[in-house]
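Per-entry structural report
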Protein chains: 4
Amino acid sequence: MRRRAELLRAASKVFSERGYHAATVADILEAAGVSRGTFYLYFPSKRAVFEALVDTMLEHITDALQRVRVGPGEAPPLVQMLDNVDRLLIVVEEHRHLSLILLREAVSLDDALDLKLTSFYERLSAWLEGALELGQTMGLVRPCDNTLVARLSLGALKEILVHWLTREEAKARDHVAREILDYILHGVFV
Amino acid sequence: MRRRAELLRAASKVFSERGYHAATVADILEAAGVSRGTFYLYFPSKRAVFEALVDTMLEHITDALQRVRVGPGEAPPLVQMLDNVDRLLIVVEEHRHLSLILLREAVSLDDALDLKLTSFYERLSAWLEGALELGQTMGLVRPCDNTLVARLSLGALKEILVHWLTREEAKARDHVAREILDYILHGVFV
Amino acid sequence: MRRRAELLRAASKVFSERGYHAATVADILEAAGVSRGTFYLYFPSKRAVFEALVDTMLEHITDALQRVRVGPGEAPPLVQMLDNVDRLLIVVEEHRHLSLILLREAVSLDDALDLKLTSFYERLSAWLEGALELGQTMGLVRPCDNTLVARLSLGALKEILVHWLTREEAKARDHVAREILDYILHGVFV
Amino acid sequence: MRRRAELLRAASKVFSERGYHAATVADILEAAGVSRGTFYLYFPSKRAVFEALVDTMLEHITDALQRVRVGPGEAPPLVQMLDNVDRLLIVVEEHRHLSLILLREAVSLDDALDLKLTSFYERLSAWLEGALELGQTMGLVRPCDNTLVARLSLGALKEILVHWLTREEAKARDHVAREILDYILHGVFV
DNA sequence: CATGAATGAGGCTTCATTCAT
DNA sequence: CATGAATGAAGCCTCATTCAT
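Calculation notes
Residues numbered from 1 in each chain as written. Chains lettered and ligands numbered in written order. Predicted model: local features only at pLDDT ≥ 70, side-chain atom pairs only at ≥ 80, totals over all residues. Helix = DSSP H or I, 4+ residues; strand = E, 2+ residues; numbered from the N terminus. Buried ≥ 20, exposed ≤ 12 C-beta atoms within 10 Å, placed from the backbone. Contact = placed C-beta atoms within 7 Å. Axes fitted to C-alpha atoms, helices over the stretch in contact; angles between N-to-C directions. Parallel < 35°, antiparallel > 145°, perpendicular 65-115°, else oblique. Left-handed = near helix turned anticlockwise from the far one by under 90°. Nonpolar A, V, L, I, M, F, W, Y, C, P; charged D, E, K, R; others polar. Near = placed C-beta within 6 Å. Expected span 1.5 Å × (residues − 1). Least-squares fit on C-alpha atoms with pLDDT ≥ 70 in both. Domains from an automatic or database assignment.

Within chain A, the secondary structure is distributed over 9 helices and 0 strands. Order of helices (α) and strands (β) in chain A, N terminus to C terminus: α-α-α-α-α-α-α-α-α. On the principal axes, the C-alpha backbone points of chain A span a range of 60 × 35 × 30 Å. Each of the 190 residues in chain A was classed as buried or not, and the buried ones make up 32%. Pairs at least 24 residues apart make up 66% of the contacts formed inside chain A by residues separated by at least 6 positions.

Next up on the list: the packing of helix 5 (residues 77-94) of chain B against helix 9 (residues 173-186) of chain B. All names here are of chain B. Contact geometry of helix 5 with helix 9 gives a least axis separation of 9 Å together with a crossing angle of 130 degrees. The angle between helix 5 and helix 9 places the two elements in the oblique class. You can see that helix 5 and helix 9 cross each other, and the crossing is right-handed. Touching Met81, Leu82, Val85, Asp86, Leu89 and Glu93 of helix 5 are Arg173, Asp174, Val176, Ala177, Ile180 and Leu181, all from helix 9. Here the contact of helix 5 with helix 9 is built from residues that sort into 8 nonpolar, no polar and 4 charged.

For DNA strand F, the set of nearby residues contains 30 residues, the closest of which are Ser45(A), Arg36(B), Gly37(B), Gly37(C) and Ser45(D). Put simply, the parts of the chain that give the surface near DNA strand F at least two residues each are helix 2 (25-32) and helix 3 (36-42) of chain A, helix 3 (36-42) of chain B, helix 3 (36-42) of chain C together with helix 2 (25-32) and helix 3 (36-42) of chain D. Here the residues of the surface near DNA strand F sort into 10 nonpolar, 12 polar and 8 charged.

Here we take up the environment of Val54(D). All names here are of chain D. Summarising the element assignment, Val54 is placed in helix 4 (residues 46-64). A residue is classified by how many C-beta atoms lie within 10 Å of it, and Val54, with 21 of them, is buried. The spacing of Val54 and Arg104 is 50 residues in sequence and 11 Å in space, taken between C-alpha atoms. Contacts of Val54, omitting those with residues within four sequence positions, involve Ile101, Leu102 and Ala106.

Further remarks concern the interface of chain C and chain D. In this assembly, 36 residues from chain C lie in contact with 35 residues from chain D. With 11 residues, the single largest contributor to the side of chain C that touches chain D is helix 8 (residues 146-166) of chain C.

This part takes up helix 7 (residues 111-137) of chain D. Residues and elements named next belong to chain D. Between its terminal C-alpha atoms helix 7 stretches 38 Å, which fits the 39 Å expected from 27 residues at 1.5 Å a residue. Listed as buried for helix 7 are Leu124, Ser125, Leu128, Ala131, Leu132 and Gly135. Of the surrounding elements, those touching the buried residues of helix 7 are helix 8 (146-166). Downstream of helix 7 by one or two residues, Gly139 has phi in the positive range, about 75 degrees.

Turning our attention to the relation of the copies chain C and chain D. Laying chain C over chain D is done by rotating through 179 degrees and shifting 0.0 Å along the axis; what remains is an RMSD of 0.1 Å. Such a combination of turn and shift is consistent with a two-fold rotation axis.

Let us look at the relation of the copies chain B and chain A. Least-squares fitting of chain B to chain A yields an RMSD of 0.1 Å, with the transformation described by 0.0 Å of translation along the axis and a rotation of 179 degrees. Comparing interface residues between copies, 100% of those in chain B also lie at the interface in chain A; the contact surface is shared.

Turning our eyes to something else, we now look at the interface of chain B and chain A. Taken together, the contact pairs 35 residues of chain B with 36 residues of chain A. Those elements that place two or more of their residues in the side of chain B that touches chain A are helix 6 (96-105), helix 8 (146-166) and helix 9 of chain B. Looking at which element gives the most residues to the side of chain B that touches chain A, the answer is helix 8 of chain B, with 11 residues. Considered class by class, the residues forming the side of chain B that touches chain A number 19 nonpolar, 7 polar and 9 charged.

Residue and element names in this part refer to chain A. As assigned here, chain A comprises domain 1 (1-43) and domain 2 (46-186). Taking the mean C-alpha position of each, domain 1 and domain 2 sit 28 Å from one another. Every contact between the two is made by 11 residues of domain 1 and, on the other side, 12 residues of domain 2. Residues that form the side of domain 1 that touches domain 2 fall into these classes: 7 nonpolar, 3 polar and 1 charged.

Near DNA strand E lie 30 residues; those nearest to it are Gly37(A), Ser45(B), Ser45(C), Arg36(D) and Gly37(D). Contributions of two or more residues to the surface near DNA strand E are made by helix 3 of chain A, helix 2 (25-32) and helix 3 of chain B, helix 2 (25-32) and helix 3 of chain C together with helix 3 of chain D.

Below, the discussion takes up the arrangement of the chains. Regarding chain A and chain C, which are not in contact, the minimum distance between any of their C-alpha atoms is 22 Å. Looking at chain B next to chain D, you find no contact at all, with the nearest C-alpha pair sitting 31 Å apart.

With that settled, the discussion passes to the packing of helix 8 (residues 146-166) of chain A against helix 8 of chain B. When two helices pack together, their arrangement is given by the angle between their axes and by how far apart the axes lie. Where helix 8 of chain A meets helix 8 of chain B, the closest approach of the two axes is 6 Å, and the angle between their N-to-C directions is 125 degrees. Classified by the angle between their axes, helix 8 of chain A and helix 8 of chain B sit oblique to one another. Helix 8 of chain A and helix 8 of chain B meet at a crossing whose hand is right-handed. Along its contact with helix 8 of chain A, which presents Leu148(A), Arg151(A), Leu152(A), Leu154(A), Gly155(A), Ala156(A), Lys158(A), Glu159(A), Ile160(A) and His163(A), the element helix 8 of chain B presents Leu148(B), Arg151(B), Leu152(B), Leu154(B), Gly155(B), Ala156(B), Lys158(B), Glu159(B), Ile160(B) and His163(B).

Next up on the list: the environment of Ala48(A). Mapped onto the elements, Ala48(A) comes out in helix 4 (residues 46-64). By C-beta crowding, Ala48(A) is classed as exposed, having 12 other C-beta atoms within 10 Å.

A few words on unusual backbone geometry. One non-glycine residue, Ser108(A), lies in the positive phi region at around 60 degrees. With respect to the helices and strands, Ser108(A) occurs in the loop between helix 6 (96-105) and helix 7 (111-137).

Time to look at the environment of Leu29(C). Residues and elements named next belong to chain C. For Leu29, the position within the fold is in helix 2. Counting along the chain gives 157 residues from Leu29 to His186, while the straight-line C-alpha distance between them is 48 Å. Apart from residues no more than four positions distant in its own chain, Leu29 is found in contact with Val34, Ser35, Arg36 and Phe39.

Following this line, the structure appears as structure tokens:
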């Protein structure tokens, strides 16, 4: 299934460069070196390739994030959190095009797609809220409006990812991971 | 110039509800109760109305944010910062449609528009960086990668605004402002 | 609404000459001397113009046929029947294109359209059955399977119309009408 | 040549159910359980299978109809005619799909195909005309416009066949044959 | 003989923009 | 100033047919 993979690759390039609407099926065909009919052999529509790309990236992200475990034999929570951020950065860096598609193009396309993304981010948010609650029971996290704070953190993450992926002078991954975590944990005050 | 204002109002409603691409000029016409020709009397293109709306919102935001001043007779920095966040929330709430257009629709439309928004956010970022540096000279802000941290804060803000505007059970403005500031300043740790 | 009429005229010509499937929207545009967009200003789809044409012809036919009335002051049944056949021939001759579309092209296009035509012919059949029953009560018509006989007569009529419309050497209308009626009434035996 | 027969069988089913245009080669492939390439091994095109089906049915009909013979040792003309109608009904009932394809789908497809059918029906018409003339010389048939009357009879037959094949409550074949013949011979009058 | 992946011509429809009145 | 009929470029998708394996 070389062809399908090639189409996905081409589509991810085209979508991330031109954006969903500006990208035409013809652009993808050209980028993939494939004929019109072949495209529709593997995907029922332009929208469908796009969704496939989005789905792929959602899975990558889901795989990268792991619930923080407490208990003997487990790494310290802070380390686990840093690892999560680090894995997120790795996967995002590895799939630059897909990440940019997810972060910038997958907005306001479709009710169905909007819902899919909304629920995904909602799940991420809930996951963060859970971490906050856990931290609170452990006495590590200060009391706060967990919903809002989870959302704030999610927004901070999304923005920094786009920023990191699109700036030429990409900073070192571990430095970025460290700064993100410090920011979320301690804010900016001394 | 009642007509122009009416068109802007209608466009902001339509764009925020349907999104830039799904919205048709016909939708705006209908919402404004204006004929096709009249539309092009006031705006050269669909894109132009959209840009006008974006511009308006950018100005509102610019107006809402004021540089933190230190010196005798000035309010304490913390208060000024809280006021900034509060004014931001006020203006965003006042212009719900415009805000959603800016935050959700004004993405990947156009190189020119992308550049305009990029520079705007760049300016906001720089403004935040400035604030961080000021805080650092005053010994209030811990040393950190100011560029990254400014960006993180910007992302946190953008996300929370969308969240706040689109959730039914909107939380009280001052509560949200307080949480935002606490988050940026102290993070989540005790 | 000159344009809509012109489009209908052009479409009836194109459809009757090329058939529904072979006819392209471009053919109609050319025949009407109208641009692509204009077509869709007046009709939502190729199918819709076609259906409009069919509808028109169905109405013409419906108008042409009148129930046979018995009673003092009414023309003799035979005369009324002959008048019906004659009016049918007139309307069919007047709308040559539409008639051929209805008789030859409006077949197996669409479930909805098929149903519309099926019901129309069913109604015609029922109308004929009614006439047969009336004739039977009057002692004029021999007992027979009215449903079948109505259908046989309908088929005879449809076929003769196509034949009459498409042969170069068109026979005189009143002659054809006379022959049709004689056939239905007396068959071929002496 | 099992394959070819299977394809024809599948095609007749598909064409009669979906109609020529709505039927896709893929439909036929699926119904026949055969691969794409194989189809084109046996038939040069979609049109060609269709035409093969039509040809088959035309032959069946041709075989069913036999010229009425007069002379010592021959069955009475009326009986021969009734036999013809009966054989027609038999063959049509035996090849339900093919019959419906011929009667409903084989219209306006192609100049070549149209011509083939036109000539076939022309031949049938001529055959009927011959029968009428024979009847007239025998003093059995009244003088009439033989061309028109032949066409009327042909139309009556075609319509009744479709009707008979598609109605659920199919009436008994001999009843239908009897009614057809009575109709053609005596019409509806007493 | 059989397969099924690949092809690309061709058709329908949308919608931003123009312009004569 | 206002109108709305007319335009046509542009894009998506279908499906009969081919051909290398």
